Amino acid sequence: MEREDGLAQGRKLVAGARRVAVLTGAGISAESGLATFRDSGGLWENHRVEDVATPQAFARDPVLVWEFYNARRRAGAQARPNPGHLALAALEQRKESVVIITQNVDGLHQKAGSTRVVELHGNIWRARCARCGRAAADLPVEVPFLSYCASCPGLLRPDIVWFGEALAPRDLEAAAAALQDCGLFMVVGTSAQVQPAASFAFAAVGRGVGVIEVNKEETPLSSLVSVSLRGEAGEVLPALLFV
Ligand code: OAD
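## Points about helix H1 (residues 3–16)
- Compared with an ideal rise of 1.5 Å per residue, which puts 14 residues at 20 Å, H1 spans 20 Å between its outermost C-alpha atoms and is within 8% of the ideal.
- Turning to H1, its buried residues are Gly 6, Leu 7, Gly 10 and Val 14. Here the buried residues of H1 occupy an arc of 95 degrees about the axis, which is enough to place them on one side. In H1, those exposed residues whose orientation departs by more than 90 degrees from the buried face are Glu 4, Lys 12, Ala 15 and Gly 16.
- For H1, the elements touching its buried residues are strand S8 (184–188), strand S9 (210–215), strand S10 (227–230) and helix H10 (233–242).

## Topic: the packing of aromatic side chains
- A complete count under the given rule lists four aromatic pairs for this structure.
- A ring pair is formed by Tyr 69 and Trp 162, whose centres lie 6.3 Å apart and whose planes are at 40 degrees; its orientation type is tilted. You can see Tyr 69 sitting in helix H5 (residues 62–78) and its partner Trp 162 sitting in the loop between strand S7 (156–160) and helix H8 (169–181), a full 93 residues away along the chain.
- One aromatic cluster is present, formed by Trp 44, Phe 58, Phe 68, Tyr 69 and Trp 162 through successive ring pairs.
- Positioned over the ring face of Trp 162 is Arg 157, at 3.8 Å from the centre of the ring.

## With respect to the site of the ligand
- Surrounding the ligand, one finds 23 residues, the nearest of these being Ala 26, Arg 38, Thr 190, Ser 191 and Asn 215.
- Between Phe 37 and the ligand, the recorded distance is 2.8 Å, taken from a backbone N or O atom to an oxygen atom.
- One of the side-chain nitrogen or oxygen atoms of Arg 38 is found 2.9 Å away from an oxygen atom of the ligand.
- Compared with its free state, where it exposes 800 Å², the ligand has 95% of that area covered by protein.
- The residue makeup of the shell around the ligand, split by class, is seven nonpolar, ten polar and six charged.
- Mapping the shell around the ligand onto the domain boundaries places at least three of its residues in each of domain 1 (1–34 + 81–121 + 167–243) and domain 2 (36–78 + 126–160).

## Digging into the pattern of salt bridges
- The final tally for this structure, using the stated rule, is eleven salt bridges.
- For Arg 74, the salt bridge is made with Glu 142, and the minimal N-O distance between the two is 3.3 Å. Taken together, the residues Arg 74 in helix H5 and Glu 142 in the loop between strand S6 (122–129) and S7 connect sequence positions 68 residues apart.
- Its relative accessible area of 40% is what places Arg 74 among the partly exposed residues.
- Overall, the relative accessible area of 42% leaves Glu 142 in the partly exposed class.
- As a salt-bridge pair, Arg 157 and Glu 165 come within 2.8 Å of each other at their nearest N and O atoms.
- For Arg 157, a relative accessible area of 5% gives the class buried.
- Where salt bridges share partners, they join Arg 18, Arg 19, Glu 96 and Asp 181 into one cluster.

## Here's the deal with the layout of surface pockets
- Of the volumes computed, that of the second largest pocket is approximately 230 Å³.
- Taken together, 15 residues form the lining of the second largest pocket, with Arg 126, Asp 159, Ala 168, Arg 170 and Asp 171 sitting closest to its centre.
- Every element with two or more residues in the lining of the second largest pocket is listed here: strand S5 (117–119), S6, S7 and H8.
- Along the lines of polarity and charge, the residues of the lining of the second largest pocket split into seven nonpolar, one polar and seven charged.
- In terms of domain composition, the lining of the second largest pocket takes at least three residues from each of domain 1 (1–34 + 81–121 + 167–243) and domain 2 (36–78 + 126–160).

Analysis parameters
Residues numbered from 1 in each chain as written. Predicted model: local features only at pLDDT ≥ 70, side-chain atom pairs only at ≥ 80, totals over all residues. Heavy atoms only, no water. Helix = DSSP H or I, 4+ residues; strand = E, 2+ residues; numbered from the N terminus. Expected span 1.5 Å × (residues − 1). Buried < 20%, exposed > 50% of the residue type's maximum accessible area, 1.4 Å probe, protein only. Arc of directions from axis to C-beta. Contact = heavy atoms within 4.5 Å. Phe/Tyr/Trp six-rings, centres within 6.5 Å; stacked < 30°, edge-to-face > 60°. Lys NZ or Arg CZ within 6 Å of the ring centre and 35° of its normal. Near = heavy atom within 4 Å. Polar contact = N/O pair within 3.5 Å; in protein donor to acceptor, adjacent residues only side chain to side chain. Areas by Shrake-Rupley, 256 points an atom, 1.4 Å probe, with all protein chains shown as cover. Nonpolar A, V, L, I, M, F, W, Y, C, P; charged D, E, K, R; others polar. Domains from an automatic or database assignment. Salt bridge = Lys/Arg side-chain N within 4 Å of Asp/Glu carboxyl O. 1 Å grid on protein atoms, 1.4 Å probe; cavity = no way out; pocket = protein on both sides within 12 Å on 5 of 7 lines; lining within 4 Å. Points joined across faces, edges and corners; volume = space filled by probe spheres on them.

Quick look at the structure:
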(Lines give C-alpha, C1' and ligand atoms only; values in the text may rest on other atoms or scores of the structure.)
Protein backbone atom coordinates (compact mmCIF):
# COMPACT_ATOMS: atom_id res chain seq x y z
CA MET A 1 0.00 0.00 0.00
CA GLU A 2 1.26 3.48 -0.83
CA ARG A 3 2.21 5.58 2.20
CA GLU A 4 -0.51 8.22 1.48
CA ASP A 5 -3.23 5.55 1.16
CA GLY A 6 -2.08 3.98 4.41
CA LEU A 7 -2.07 7.33 6.18
CA ALA A 8 -5.58 8.11 4.94
CA GLN A 9 -6.85 4.72 6.10
CA GLY A 10 -5.05 5.11 9.43
CA ARG A 11 -6.49 8.60 9.97
CA LYS A 12 -10.01 7.18 9.52
CA LEU A 13 -9.36 4.56 12.20
CA VAL A 14 -7.97 7.24 14.52
CA ALA A 15 -10.96 9.53 13.92
CA GLY A 16 -13.42 6.70 14.64
CA ALA A 17 -11.98 5.65 18.01
CA ARG A 18 -12.75 7.24 21.37
CA ARG A 19 -10.40 5.06 23.41
CA VAL A 20 -6.91 4.22 22.18
CA ALA A 21 -4.23 1.84 23.47
CA VAL A 22 -0.65 2.05 22.16
CA LEU A 23 2.09 -0.57 22.57
CA THR A 24 5.51 1.04 22.18
CA GLY A 25 9.04 -0.32 21.94
CA ALA A 26 12.61 0.90 21.63
CA GLY A 27 12.02 2.27 18.11
CA ILE A 28 9.98 5.20 19.39
CA SER A 29 12.98 6.40 21.42
CA ALA A 30 15.52 5.86 18.61
CA GLU A 31 15.05 9.44 17.36
CA SER A 32 15.76 10.64 20.91
CA GLY A 33 19.22 9.11 20.54
CA LEU A 34 18.66 5.87 22.47
CA ALA A 35 19.85 2.67 20.79
CA THR A 36 17.32 -0.09 20.13
CA PHE A 37 18.15 -3.68 21.10
CA ARG A 38 18.11 -5.33 17.67
CA ASP A 39 19.89 -2.41 15.95
CA SER A 40 22.86 -2.81 18.29
CA GLY A 41 22.95 -6.51 17.42
CA GLY A 42 21.84 -7.25 20.99
CA LEU A 43 25.36 -6.43 22.20
CA TRP A 44 26.79 -3.97 24.70
CA GLU A 45 30.60 -3.70 24.77
CA ASN A 46 30.81 -7.26 23.49
CA HIS A 47 28.46 -8.60 26.16
CA ARG A 48 25.20 -10.09 25.02
CA VAL A 49 22.44 -7.93 26.48
CA GLU A 50 20.94 -11.09 27.95
CA ASP A 51 24.16 -11.55 29.91
CA VAL A 52 23.86 -8.22 31.70
CA ALA A 53 20.09 -8.24 32.13
CA THR A 54 19.35 -11.33 34.19
CA PRO A 55 19.19 -12.03 37.93
CA GLN A 56 21.99 -14.59 37.40
CA ALA A 57 24.23 -11.92 35.85
CA PHE A 58 23.58 -9.64 38.82
CA ALA A 59 24.39 -12.41 41.30
CA ARG A 60 27.63 -13.19 39.39
CA ASP A 61 28.86 -9.67 38.66
CA PRO A 62 26.78 -6.77 40.04
CA VAL A 63 29.45 -4.21 39.07
CA LEU A 64 29.24 -5.20 35.38
CA VAL A 65 25.44 -5.01 35.52
CA TRP A 66 25.55 -1.53 37.09
CA GLU A 67 28.12 -0.43 34.48
CA PHE A 68 25.61 -1.39 31.78
CA TYR A 69 22.71 0.38 33.50
CA ASN A 70 24.77 3.45 34.39
CA ALA A 71 25.69 3.76 30.69
CA ARG A 72 21.99 3.63 29.85
CA ARG A 73 21.18 6.13 32.62
CA ARG A 74 23.83 8.54 31.25
CA ALA A 75 22.35 8.27 27.74
CA GLY A 76 18.82 8.60 29.15
CA ALA A 77 19.72 11.76 31.07
CA GLN A 78 20.61 13.44 27.73
CA ALA A 79 17.52 12.18 25.91
CA ARG A 80 14.50 14.37 25.23
CA PRO A 81 11.07 13.24 23.99
CA ASN A 82 10.81 13.43 20.19
CA PRO A 83 7.79 14.34 18.01
CA GLY A 84 6.55 10.72 18.22
CA HIS A 85 6.28 10.80 22.02
CA LEU A 86 4.80 14.31 21.87
CA ALA A 87 2.13 13.36 19.31
CA LEU A 88 0.94 10.47 21.49
CA ALA A 89 0.84 12.74 24.55
CA ALA A 90 -1.14 15.39 22.65
CA LEU A 91 -3.66 12.76 21.49
CA GLU A 92 -4.98 12.72 25.08
CA GLN A 93 -6.59 16.13 24.42
CA ARG A 94 -8.71 14.64 21.64
CA LYS A 95 -9.70 11.23 23.02
CA GLU A 96 -11.64 9.90 25.98
CA SER A 97 -8.62 7.82 26.95
CA VAL A 98 -5.14 7.03 25.65
CA VAL A 99 -3.20 4.30 27.45
CA ILE A 100 0.46 3.77 26.56
CA ILE A 101 1.72 0.24 27.18
CA THR A 102 5.47 0.53 26.86
CA GLN A 103 8.38 -1.90 26.87
CA ASN A 104 10.72 1.08 27.26
CA VAL A 105 12.32 1.89 30.58
CA ASP A 106 13.45 5.43 29.70
CA GLY A 107 10.47 7.41 31.06
CA LEU A 108 10.23 9.51 27.86
CA HIS A 109 6.45 9.06 27.46
CA GLN A 110 5.91 10.65 30.88
CA LYS A 111 8.41 13.39 30.05
CA ALA A 112 6.39 14.11 26.90
CA GLY A 113 3.25 14.50 29.03
CA SER A 114 1.45 11.15 28.66
CA THR A 115 -0.48 10.57 31.88
CA ARG A 116 -1.46 6.89 31.58
CA VAL A 117 1.66 4.80 31.00
CA VAL A 118 1.99 1.10 31.85
CA GLU A 119 5.71 0.28 32.08
CA LEU A 120 5.81 -3.44 31.38
CA HIS A 121 9.60 -3.72 31.80
CA GLY A 122 10.17 -1.28 34.69
CA ASN A 123 11.96 2.06 34.76
CA ILE A 124 15.66 2.78 34.56
CA TRP A 125 15.40 5.73 36.96
CA ARG A 126 14.27 3.53 39.82
CA ALA A 127 16.28 1.04 41.89
CA ARG A 128 15.21 -1.35 44.59
CA CYS A 129 16.73 -3.77 47.05
CA ALA A 130 17.50 -7.13 45.46
CA ARG A 131 16.67 -8.76 48.80
CA CYS A 132 13.69 -7.01 50.44
CA GLY A 133 12.38 -5.01 47.45
CA ARG A 134 12.44 -1.62 49.22
CA ALA A 135 12.59 1.25 46.72
CA ALA A 136 15.72 3.42 46.85
CA ALA A 137 15.39 7.20 46.90
CA ASP A 138 17.54 10.10 45.64
CA LEU A 139 20.03 8.22 43.48
CA PRO A 140 22.50 10.14 41.30
CA VAL A 141 22.49 9.50 37.53
CA GLU A 142 25.45 7.17 38.01
CA VAL A 143 24.63 4.80 40.82
CA PRO A 144 27.76 4.03 42.88
CA PHE A 145 28.73 0.38 42.43
CA LEU A 146 27.60 -1.87 45.24
CA SER A 147 25.07 0.48 46.82
CA TYR A 148 23.17 -1.10 49.70
CA CYS A 149 19.55 -0.99 50.85
CA ALA A 150 18.65 1.50 53.61
CA SER A 151 16.95 -1.17 55.71
CA CYS A 152 18.70 -4.52 55.11
CA PRO A 153 22.09 -5.83 53.88
CA GLY A 154 20.74 -6.36 50.34
CA LEU A 155 22.33 -4.76 47.25
CA LEU A 156 20.42 -2.22 45.18
CA ARG A 157 19.47 -3.37 41.69
CA PRO A 158 17.80 -1.56 38.79
CA ASP A 159 13.98 -1.75 38.97
CA ILE A 160 13.85 -3.46 35.58
CA VAL A 161 12.15 -6.69 34.56
CA TRP A 162 15.05 -8.87 33.52
CA PHE A 163 15.10 -11.87 31.19
CA GLY A 164 13.64 -14.83 33.03
CA GLU A 165 11.66 -12.63 35.46
CA ALA A 166 7.90 -12.28 35.57
CA LEU A 167 6.16 -9.03 34.71
CA ALA A 168 4.22 -7.40 37.55
CA PRO A 169 0.64 -8.78 37.62
CA ARG A 170 -0.77 -5.27 38.10
CA ASP A 171 0.93 -4.08 34.88
CA LEU A 172 -0.26 -7.11 32.93
CA GLU A 173 -3.80 -6.48 34.21
CA ALA A 174 -3.65 -2.79 33.29
CA ALA A 175 -2.42 -3.64 29.78
CA ALA A 176 -5.10 -6.32 29.33
CA ALA A 177 -7.79 -3.88 30.50
CA ALA A 178 -6.58 -1.20 28.06
CA LEU A 179 -6.64 -3.75 25.24
CA GLN A 180 -10.20 -4.85 26.07
CA ASP A 181 -11.42 -1.28 26.42
CA CYS A 182 -9.94 0.30 23.30
CA GLY A 183 -11.50 1.02 19.92
CA LEU A 184 -8.08 1.34 18.28
CA PHE A 185 -4.77 -0.37 19.09
CA MET A 186 -1.50 1.08 17.83
CA VAL A 187 1.90 -0.64 17.79
CA VAL A 188 4.91 1.65 17.46
CA GLY A 189 8.62 0.86 17.13
CA THR A 190 8.68 -2.70 18.41
CA SER A 191 10.06 -5.81 16.73
CA ALA A 192 7.14 -7.70 18.34
CA GLN A 193 9.50 -10.49 19.33
CA VAL A 194 9.55 -10.30 23.11
CA GLN A 195 6.75 -11.95 25.06
CA PRO A 196 4.43 -11.36 26.76
CA ALA A 197 4.53 -7.72 25.58
CA ALA A 198 4.09 -8.59 21.90
CA SER A 199 1.11 -10.82 22.71
CA PHE A 200 -1.03 -7.73 23.39
CA ALA A 201 -0.64 -6.67 19.76
CA PHE A 202 -1.46 -10.16 18.45
CA ALA A 203 -4.46 -10.27 20.83
CA ALA A 204 -5.68 -6.93 19.45
CA VAL A 205 -5.57 -8.41 15.94
CA GLY A 206 -7.51 -11.42 17.26
CA ARG A 207 -10.09 -9.16 18.92
CA GLY A 208 -10.89 -7.63 15.54
CA VAL A 209 -10.27 -4.07 16.69
CA GLY A 210 -8.47 -1.71 14.28
CA VAL A 211 -4.69 -2.08 14.61
CA ILE A 212 -2.18 0.41 13.17
CA GLU A 213 1.52 -0.44 13.12
CA VAL A 214 4.26 2.19 12.78
CA ASN A 215 7.73 0.78 12.18
CA LYS A 216 10.80 1.48 10.07
CA GLU A 217 10.82 -2.16 9.01
CA GLU A 218 8.45 -5.04 8.43
CA THR A 219 7.69 -7.18 11.50
CA PRO A 220 5.74 -10.41 12.13
CA LEU A 221 2.71 -8.16 12.75
CA SER A 222 2.87 -6.20 9.51
CA SER A 223 0.77 -8.55 7.40
CA LEU A 224 -1.83 -9.04 10.15
CA VAL A 225 -2.70 -5.45 11.13
CA SER A 226 -5.33 -3.17 9.54
CA VAL A 227 -2.71 -0.61 8.45
CA SER A 228 1.08 -0.92 8.56
CA LEU A 229 2.94 2.35 8.09
CA ARG A 230 6.63 2.14 7.23
CA GLY A 231 8.75 5.01 8.51
CA GLU A 232 10.20 6.76 11.53
CA ALA A 233 7.82 7.21 14.44
CA GLY A 234 8.80 10.87 14.90
CA GLU A 235 7.68 11.61 11.38
CA VAL A 236 4.77 9.19 10.90
CA LEU A 237 2.94 9.72 14.21
CA PRO A 238 2.47 13.51 13.85
CA ALA A 239 1.33 12.97 10.24
CA LEU A 240 -1.09 10.22 11.27
CA LEU A 241 -2.52 11.88 14.35
CA PHE A 242 -2.39 15.62 13.62
CA VAL A 243 -2.35 16.45 9.90
P1 OAD B 1 13.79 -3.94 19.39
O2 OAD B 1 15.16 -3.38 19.40
O3 OAD B 1 13.62 -5.41 19.37
O4 OAD B 1 13.02 -3.41 18.12
C5 OAD B 1 13.01 -2.04 17.75
C6 OAD B 1 12.04 -1.89 16.60
O7 OAD B 1 11.92 -0.50 16.33
C8 OAD B 1 12.48 -2.57 15.32
O9 OAD B 1 11.37 -3.28 14.77
C10 OAD B 1 12.89 -1.39 14.40
O11 OAD B 1 12.59 -1.64 13.03
C12 OAD B 1 12.00 -0.29 14.94
N13 OAD B 1 12.52 1.08 14.78
C14 OAD B 1 13.80 1.51 14.93
N15 OAD B 1 13.87 2.85 14.80
C16 OAD B 1 12.60 3.28 14.57
C17 OAD B 1 11.99 4.55 14.36
N18 OAD B 1 12.73 5.68 14.38
N19 OAD B 1 10.66 4.62 14.16
C20 OAD B 1 9.90 3.48 14.14
N21 OAD B 1 10.42 2.25 14.34
C22 OAD B 1 11.74 2.14 14.54
O23 OAD B 1 13.02 -3.27 20.62
P24 OAD B 1 11.73 -3.77 21.38
O25 OAD B 1 10.74 -4.37 20.45
O26 OAD B 1 11.29 -2.64 22.23
O27 OAD B 1 13.41 -6.05 27.11
O28 OAD B 1 12.34 -4.90 22.30
C29 OAD B 1 11.55 -5.46 23.26
C30 OAD B 1 12.33 -5.81 24.48
O31 OAD B 1 13.49 -6.55 24.13
C32 OAD B 1 12.89 -4.63 25.26
O33 OAD B 1 11.94 -4.02 26.12
C34 OAD B 1 13.98 -5.27 26.05
C35 OAD B 1 14.59 -6.14 24.97
O36 OAD B 1 15.21 -7.26 25.37
C37 OAD B 1 13.91 -5.95 28.36
O38 OAD B 1 14.82 -5.18 28.65
C39 OAD B 1 13.24 -6.84 29.33
